[in-house]
Amino acid sequence: MKNPDENSTVAARITAAIAERIIVGTLKPDAPLRQDHVAREFESSHVPVREAFRQLEAQHLVVALPRRGVRVAPLDAAAIREISEMRAALEVLALRHAAPRMTQAHFAKIELALIEGDNAETLQDFEAANRAFHQALVAPCGMPRLLASLDGLQRANSRLVFALARSAGWRPRSNGDHRLILAALRARNLEQASHLLARHIQTIERLSVPANA
C-alpha cells in the first residue's frame, strides 16, 4: 500500500496529464472518465485517481454527475460566460492589489512573457506565454487563495483558446492588448490597466459564444 505522500504524487501526475488532454481538446466535452480505466493507464490504485478527479473538478475541467459519473466539463455558452465573468472580476481584483507592489523585476517578467507570446510559432507556445503573462500580472498581489482560484480559471480559459483555434484557425501574431496593459501599469495608471484587462479577458467570450446564445 502506498503512503499518503506517494498517493499525492501519483494524483498530481494524473491530474496534470488529464488536464492537458482536456485543455488541448484530446478529451472532448462530456467524455466519460472511468476510474478503473485511468487507474489501469497510470498503474495506480483508485485512491490517487479519485483525488485527481477532485482536483480536476476544482479546476473546472470535469464535472461529477449523479448516475453519469465523472465527465469532461461542457464548453457551452453558459460555461464560457461564467469563466469569462469570474476571471475578469477576480483578475482585476488581483491586479489592483498587485500593481502597487510591482518592482522593475516584476515588470521585466511581464515583458518577457509578452515577448515570448509575440515570438510564438505554435498555438501551444502562444498559450503558454499568454498564461505566463497573466500570472505575472497578478503574482505580486500577495493573496494565495485568490491566485489559486485564478489558476483554475486560467486553465479553463486555455480550453476556450484551443477550442476557438480548432474552429477558427490560428496563426502567429502579436498581442496588442498585452502591450497596452503593460504600458498602463508602467505609467501607474491602474484604472486604465484594470479596464483594459477586463475588456481583454471578456474578448474570449465574445469570440466563443454563438451569436444566438
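Predicted model, so just to flag it, every value in this text is computed and none were measured.

Asks: Help me out: how do you make sense of the nonpolar core in this one?
Replies: In summary, soluble globular proteins display a tendency toward joint burial of nonpolar side chains. Of all hydrophobic cores here, the largest spans 30 residues; its most connected members are Ile14, Ile18, Val38, Phe53 and Leu56. In terms of residues, this core owes the most to one element, helix H1 (residues 4-24), which gives 6 residues. In this structure Val38 touches Ile14, Ile18, Val49 and Phe53, once residues within four positions along its chain are discounted. Listed in part, the 27 residues of the second largest apolar core include Val92, Leu95, Ala98 and Ala113.

Asks: For this particular structure, what's the right way to read empty space enclosed by the protein?
Replies: Where empty space is left can be seen by rolling a probe of water-molecule size over the atoms. Across all of its chains, the model carries 2 cavities of 30 Å³ or more by this definition. If you add up the space inside the largest cavity, you get close to 60 Å³. Every residue lining the largest cavity is listed: Ala113, Leu114, Gly117, Asp118, Phe126, Ala129, Asn130, Phe133, Asn175 and His178. There is about 30 Å³ of room inside the second largest cavity. Forming the boundary of the second largest cavity are Arg87, Glu127, Asn130, Arg131, His134, Gln154 and Asn157.

Asks: Help me understand the confidence of the model for the protein chain in this model?
Replies: Low pLDDT means the predicted atomic positions in that stretch should not be read closely. Of all residues in the protein chain, 91% attain a pLDDT of 70 or more, and the chain-wide mean is 89. The low-confidence segment residues 209-213 (pLDDT under 50) makes 5 contacts with residues lying over four places distant or belonging to another chain.

Asks: Just checking my understanding: could you explain the environment of Asn157 for this structure?
Replies: Positionally, Asn157 belongs in helix H7 (residues 144-168). Linking Asn157 and Ile23, residues 134 residues apart in sequence, is a C-alpha distance of 8.6 Å. Each residue touching Asn157, except ones within four places of it in the same chain, is listed here: Ile83, Arg87 and Ile204.

Asks: Any chance you could explain the pattern of salt bridges here in plain terms?
Replies: Two side chains that carry opposite charge are able to pair once their charged atoms sit near each other. One pass over the full model with this rule turns up 10 salt bridges. Residue Glu91 is joined to Arg87 by a salt bridge in which the shortest nitrogen-to-oxygen separation is 3.1 Å. Within this pair, Glu91 and its partner Arg87 are both found in helix H4 (residues 77-98), separated by 4 residues, close to a single helical turn. By relative accessible area, which is 0% here, Glu91 ends up buried. For the salt bridge of Arg96 with Glu191, the shortest nitrogen-to-oxygen distance reads 2.8 Å. Note that Arg96 is positioned in helix H4 and Glu191 in helix H9 (residues 190-208), a separation of 95 residues in sequence. On the basis of relative accessible area, Arg96 is assigned to the partly exposed category, the value being 33%. Here the residues in one salt-bridge network are Asp30, Arg68 and Arg71, joined through shared partners.

Asks: Looking at this model, I keep getting lost on helix H5 (residues 104-119). Mind explaining?
Replies: The α-helix advances 3.6 residues per turn, and as a result positions three or four apart in sequence lie on the same side. The end-to-end C-alpha distance of H5, which contains 16 residues, comes to 22 Å, matching closely the 22 Å that a straight helix rising 1.5 Å per residue would cover. Residues Phe107, Ile110, Ala113, Leu114 and Gly117 constitute the buried set of H5. What you see down the axis of H5 is that its buried residues fit within an arc of 125°, all on one side. Away from its buried face by more than 90 degrees, H5 exposes Gln104, Ala105, Lys109 and Asn119.

Asks: Would you mind going over the environment of Gly69 with me for this structure?
Replies: As for its position among the elements, Gly69 is in strand E3 (residues 69-72). On the accessibility criterion, Gly69 (34% relative accessible area) is partly exposed. C-alpha of Gly69 to C-alpha of Pro32: the two residues are 37 residues apart in sequence and 7.3 Å apart in space. Setting aside residues no more than four positions away along its own chain, Gly69 makes contact with Val63 and Ala64.

Asks: Looking at this structure, I do not really get the packing of helix H6 (residues 123-138) against helix H8 (residues 176-186). What am I missing?
Replies: For any two helices packed against each other, one specifies the inter-axial angle together with the distance between the axes. Where H6 contacts H8, the two axes come as close as 12 Å, and the packing angle between them is 20°. Considered as vectors, H6 and H8 are oriented roughly parallel to each other. When the axes of H6 and H8 are compared, the crossing they make is left-handed. Side by side, H6 and H8 meet where Asn130, Phe133, His134 and Leu137 of the first sit next to His178, Ile181 and Leu185 of the second. Taken together, the residues of the contact of H6 with H8 sort by class into 4 nonpolar, 3 polar and no charged.

Definitions and limits used
- Residues numbered from 1 in each chain as written.
- Predicted model: local features only at pLDDT ≥ 70, side-chain atom pairs only at ≥ 80, totals over all residues.
- Heavy atoms only, no water.
- Core = buried A, V, L, I, M, F, W, Y, C linked by side-chain atoms within 4.5 Å.
- Buried < 20%, exposed > 50% of the residue type's maximum accessible area, 1.4 Å probe, protein only.
- Helix = DSSP H or I, 4+ residues; strand = E, 2+ residues; numbered from the N terminus.
- Contact = heavy atoms within 4.5 Å.
- 1 Å grid on protein atoms, 1.4 Å probe; cavity = no way out; pocket = protein on both sides within 12 Å on 5 of 7 lines; lining within 4 Å.
- Points joined across faces, edges and corners; volume = space filled by probe spheres on them.
- pLDDT = per-residue confidence, 0-100.
- Salt bridge = Lys/Arg side-chain N within 4 Å of Asp/Glu carboxyl O.
- Expected span 1.5 Å × (residues − 1).
- Arc of directions from axis to C-beta.
- Axes fitted to C-alpha atoms, helices over the stretch in contact; angles between N-to-C directions.
- Parallel < 35°, antiparallel > 145°, perpendicular 65-115°, else oblique.
- Left-handed = near helix turned anticlockwise from the far one by under 90°.
- Nonpolar A, V, L, I, M, F, W, Y, C, P; charged D, E, K, R; others polar.

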